[in-house]
Amino acid sequence: MKAVVLAAGEGTRLRPLTEDKPKGMVEVDEKPLITHCFDQLIDLGADELIVVVGYMKEVITDHYGDAYEGVPITYTHQREQKGLAHALLTVEEHINDDFMLILGDNIFQANLQDVVRRQREERADAAFLVEEVPWEEASRYGVCDTNQYGEITDVVEKPEDPPSNLVMTGFYTFSPAIFHACHLVQPSNRGEYEISDAVDLLIQSGRTIDAIGLDGWRIDVGYPEDRDEAEHRLAGDEVEFDEDTDSDDSTEDIVESNA
């Protein structure tokens with residue numbers, strides 16, 4: 001399965017850490033964020049890494065070259081920062097089957113394998129790792145609603161008044177149907193082509209999207225203090241999870257609390 005890493009961002013909120021590098025090259029525990037993503041994707045069986053670059057792209061391409069740990073790398077260029085759906089369309093010509101997608105500013109120690117396993121069951125058109133966050137933090141993310149079966153029924157990007165505290169985490173699996181949806185997306189109030197709007201179009205067309213509850217932890221490295229927290233977690237990780245155990249139980253708990 002191919003894996004896409006979105007790493008075109010400038011990272012203005014991470015300054016001064018991004019004064020001389022793009023967001024994805026900020027080091028966490030002495031390794032760039034993108035390296036953490038690559039390591040996890042290869043552990044999940046990725047046979048090709050497709051990296052969407054943009055701001056200071058040469059820093060990334062010069063660092064990694066055309067392969068990482070023997071896995072080939074393909075680069076695509078998002079010339080303008082117009083949102084995740086816009087970034088995803090740059091990889092369309094390279095994808096012809098189900099694929100993994102990770103946001104290049106996320107650090108995971110969690111059950112990503114459960115998401116990949118669900119996609120391979122061919123029961124769903126997409127699967128997302130989701131987690132509950134404090135209500136006051138939900139507006140930072142794409143907020144989800146789910147039904148009693150653990151299927152996502154609605155997604156709203158960074159709402160001022162979140163309908164729930166269940167959010168997407170930055171790791172997804174998709175079928176190529178997502179590209180058609182991305183082509184149909186219109187700019188949001190923020191002026192961006194939102195991945196959440198593309199997901200909503202999939203839902204409206206009758207596609208099935210499964211929510212897999214997070215078992216473990218993840219940190220969205222958006223601010224310098226997030227980088228510090230990620231390093232702290234990686235240095236003293238006491239969170240345990242079982243990669244061989246499907247997380248349906250945790251998903252059901254989330255669904256019940258958000259029904």
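Up top you'll find the structure we're talking about.
Sequence order as written defines the numbering, with residues in each chain counted from 1. Selection of residues for local features in this predicted model requires a pLDDT of at least 70, selection of side-chain atom pairs for listing and counting requires 80 or more, and totals for whole chains, interfaces and linings are taken over all residues. Processing note: side-chain calculations cover all non-hydrogen atoms of the structure and skip hydrogens and water entirely.

(A) Seen up close, the overall build of the protein. Helix and strand assignments come from DSSP, with helices taken as H or I runs of at least 4 residues and strands as E runs of at least 2, each series counted from the N terminus. Along its length, the protein carries eight helices and 14 strands. Values of the radius of gyration come from C-alpha atoms, whereas the globule rule sets the reference at 2.2 Å times the count of residues to the power 0.38. The C-alpha radius of gyration of the protein comes to 17 Å, within 12% of the 18 Å expected for a compact globule of 259 residues. Here the C-alpha coordinates of the protein stretch approximately 45 × 40 × 35 Å along the principal axes. Note on exposure labels: buried denotes an accessible area under 20% of the residue type's maximum, exposed denotes more than 50%, and partly exposed covers the range between, all computed with a 1.4 Å probe on protein chains only. Within the protein, the fraction of its 259 residues that count as buried is 51%.

(B) Quick look at unusual backbone geometry. Of the consecutive residues Arg15 and Pro16, the connecting peptide bond is found in the cis state with omega at 15°. Turning to its location among the elements, Pro16 is positioned in the loop between β1 (2–7) and β2 (27–28). At Lys158, a position not held by glycine, the phi torsion is positive, near 45°. Mapped onto the elements of the fold, Lys158 is located in the loop between β11 (152–157) and β12 (166–174).

(C) Here's a closer look at the pattern of salt bridges. Salt bridges are defined as contacts in which a side-chain nitrogen from Lys or Arg sits within 4 Å of a carboxyl oxygen from Asp or Glu. Scanning the model with the defined rule gives 17 salt bridges in all. Salt-bridge contacts for Lys82 lead to Glu80; the nearest nitrogen and oxygen are separated by 3.5 Å. Overall, Glu80 belongs to the partly exposed group, its relative accessible area being 46%. Between Asp114 and Arg117 there is a salt bridge; the shortest N-O distance is 2.7 Å. Note that Asp114 and Arg117 are positioned in helix α4 (residues 112–120) at a spacing of three residues, about one turn of the helix.

(D) Fine view of the environment of Phe108. Summarising the element assignment, Phe108 is placed in strand β8 (residues 106–110). Contacts: residue pairs with any heavy atoms within 4.5 Å of one another. Excluding its chain neighbours within four sequence positions, the residues that come into contact with Phe108 are Gln40, Ile102, Leu129, Thr169, Gly170, Phe171, Trp217 and Arg218.

(E) Up close: the environment of Asp210. Checked against the element boundaries, Asp210 lands in strand β13 (residues 209–213). Residue Asp210 is classed as buried on the basis of its relative accessible area, which comes to 0%. Once the C-alpha coordinates of Asp210 and Gly222 are considered, the two residues, 12 residues apart in sequence, prove to be 26 Å apart. Other than its neighbours up to four places away in sequence, Asp210 contacts Arg118, Arg123, Ala124, Ala126, Ala127, Phe128, Gly150, Glu151 and Ile152.

(F) A look at the packing of aromatic side chains. Two aromatic rings from Phe, Tyr or Trp, using only the six-membered ring of Trp, form a pair when their centres are within 6.5 Å; if the ring planes differ by under 30 degrees the pair is stacked, by over 60 it is edge-to-face, and anything between is tilted. What the rule picks out here adds up to nine aromatic pairs. The interplanar angle of 70° and the centroid separation of 6.2 Å between the aromatic rings of Tyr64 and Tyr68 together place this pair among those described as edge-to-face. Feature note: the residues Phe99, Phe128, Tyr172, Phe174 and Phe179 constitute an aromatic cluster, connected by ring pairs.

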